[in-house]
Amino acid sequence: MIDLHIHSTFSDGKDFPEDMVRAAIAMGLQTVALCEHVRQTTGWFPEYIREVQRLKQKYKKIIRVYSAIEVKVVDLAGNIDTRPEFFVADIVYAAVHRVPLGKGEFCSGQEDRKTLKSNWLSCLRAAILHNDHVTALAHLFLPAIQYGLEINKSDIQNLAQLVASSEKAVEISLKYGHPAQDQFFYLLAGKVPFTIGSDSHSVQEMLERKQALEIAWKKWGRFCECRIDRAGSG
Ligand SMILES: [Zn+2]
Ligand SMILES: [Zn+2]
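Predicted model, so just to flag it, every value in this text is computed and none were measured.

A. Quick look at the overall build of the chain. Within the chain, the secondary structure is distributed over 8 helices and 9 strands. Compactness check: the chain gives a C-alpha radius of gyration of 17 Å against a globular reference of 17 Å for 234 residues, within 12% of the reference. Per-residue burial over the chain gives 43% buried out of 234 residues. Restricting to contacts in the chain with at least 6 residues of sequence separation, those with at least 24 account for 75%.

Have a look at this one:
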């Protein structure tokens with residue numbers, strides 16, 4: 001089993017990276033990715049990479065450890081809040097946490113559903129098409145869940161087609177599941193790599209999501225990317 005999305009104290013997680021890795025080992029995972037929120041202003045990135053390298057080495061006989069960053073999509077043009085030197089991380093997730101409104105503003109959620117949905121889909125589309133260094137898409141349906149947006153069959157088909165053409169991996173998020181997601185993943189199965197992420201921010205959350213992880217792994221594991229061979233990733 002894999003969990004390619006867990007946060008540690010480097011960003012907003014509660015437990016140290018090594019504690020998260022040890023929890024992953026105790027759960028019997030083969031691969032784990034420490035995933036941290038970064039911004040252009042993030043200063044701790046070199047220490048983070050050093051710590052992941054240390055853990056990769058220390059536990060290499062037991063578990064594969066990856067570095068991952070979660071970068072925010074900040075506008076309707078799909079720009080992401082990060083720096084090029086952060087792209088050395090093994091996995092670069094793009095995530096829409098807030099739906100952009102334009103002119104540096106974000107939707108408050110009070111806007112009409114139509115605006116929210118169209119802005120969400122536009123920024124997602126732009127982010128997928130214009131960021132070559134992004135390797136995976138985290139919790140793609142989060143805004144739809146947050147704002148209760150209706151997603152119809154053609155939205156799912158269009159999104160799946162777009163993701164398939166981008167060859168980016170898509171995350172099966174254990175934290176933000178959406179009723180429409182299975183349909184989406186069925187359309188993409190075998191076309192792009194899947195990742196599974198619990199988005200845990202503590203060892204406790206990892207344990208709470210263990211059962212959901214087992215179910216997701218049973219269902220989608222054969223489509224998951226478990227090896228990321230990138231030069232220098234150790
Ligand atoms: Zn996120
Ligand atoms: Zn996250």
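On we go from here.
B. Expanded view of unusual backbone geometry. At H139, a position not held by glycine, the phi torsion is positive, near 20°. Assignment of secondary structure puts H139 in the loop between β7 (136–137) and α4 (142–146). Looking at H139, the number of C-beta atoms within 10 Å reads 25, which means it is buried. A positive phi angle, close to 60°, is found at E167, a residue other than glycine.

C. Highlighting helix α1 (residues 17–26). Within the sequence span of α1, burial applies to P17, M20, V21, A23 and A24. End-on, the buried residues of α1 take up no more than an arc of 160°, which puts them together on one face. Count one or two residues on from α1 and you reach G28, which has phi positive near 85°.

D. Summary view of the environment of S11. Within the secondary structure layout, S11 lies in the loop between β1 (2–6) and α1. Residue S11 is classed as partly exposed on the basis of its 18 C-beta neighbours within 10 Å. Expressed as a C-alpha distance, the spacing of S11 and W44, which sit 33 residues apart in the sequence, is 9.2 Å. Beyond its immediate stretch of four places on either side in the chain, S11 contacts E36 and H37.

E. Representation of the packing of helix α5 (residues 153–166) against helix α6 (residues 181–188). Running from N to C, α5 and α6 point in directions that differ by 40°, and their axes come no closer than 9 Å. The orientation of α5 with respect to α6, classified from their angle, is oblique. The crossing of α5 and α6 is right-handed. Counting all contacts with α5, which are made through I156, Q157, L159, A160, V163 and A164, the residues of α6 involved are Q183, F184, L187 and L188. Its residues placed into classes, the contact of α5 with α6 shows 8 nonpolar, 2 polar and no charged.

F. The environment of Q157, seen in detail. Here Q157 lies in helix α5. Sequence spacing of Q157 and L140 is 17 residues, and the spatial spacing of their C-alpha atoms is 14 Å.

Parameters and conventions
- Residues numbered from 1 in each chain as written.
- Chains lettered and ligands numbered in written order.
- Predicted model: local features only at pLDDT ≥ 70, side-chain atom pairs only at ≥ 80, totals over all residues.
- Helix = DSSP H or I, 4+ residues; strand = E, 2+ residues; numbered from the N terminus.
- Rg over C-alpha atoms; globule rule 2.2 N^0.38 Å.
- Buried ≥ 20, exposed ≤ 12 C-beta atoms within 10 Å, placed from the backbone.
- Contact = placed C-beta atoms within 7 Å.
- Arc of directions from axis to C-beta.
- Axes fitted to C-alpha atoms, helices over the stretch in contact; angles between N-to-C directions.
- Parallel < 35°, antiparallel > 145°, perpendicular 65-115°, else oblique.
- Left-handed = near helix turned anticlockwise from the far one by under 90°.
- Nonpolar A, V, L, I, M, F, W, Y, C, P; charged D, E, K, R; others polar.

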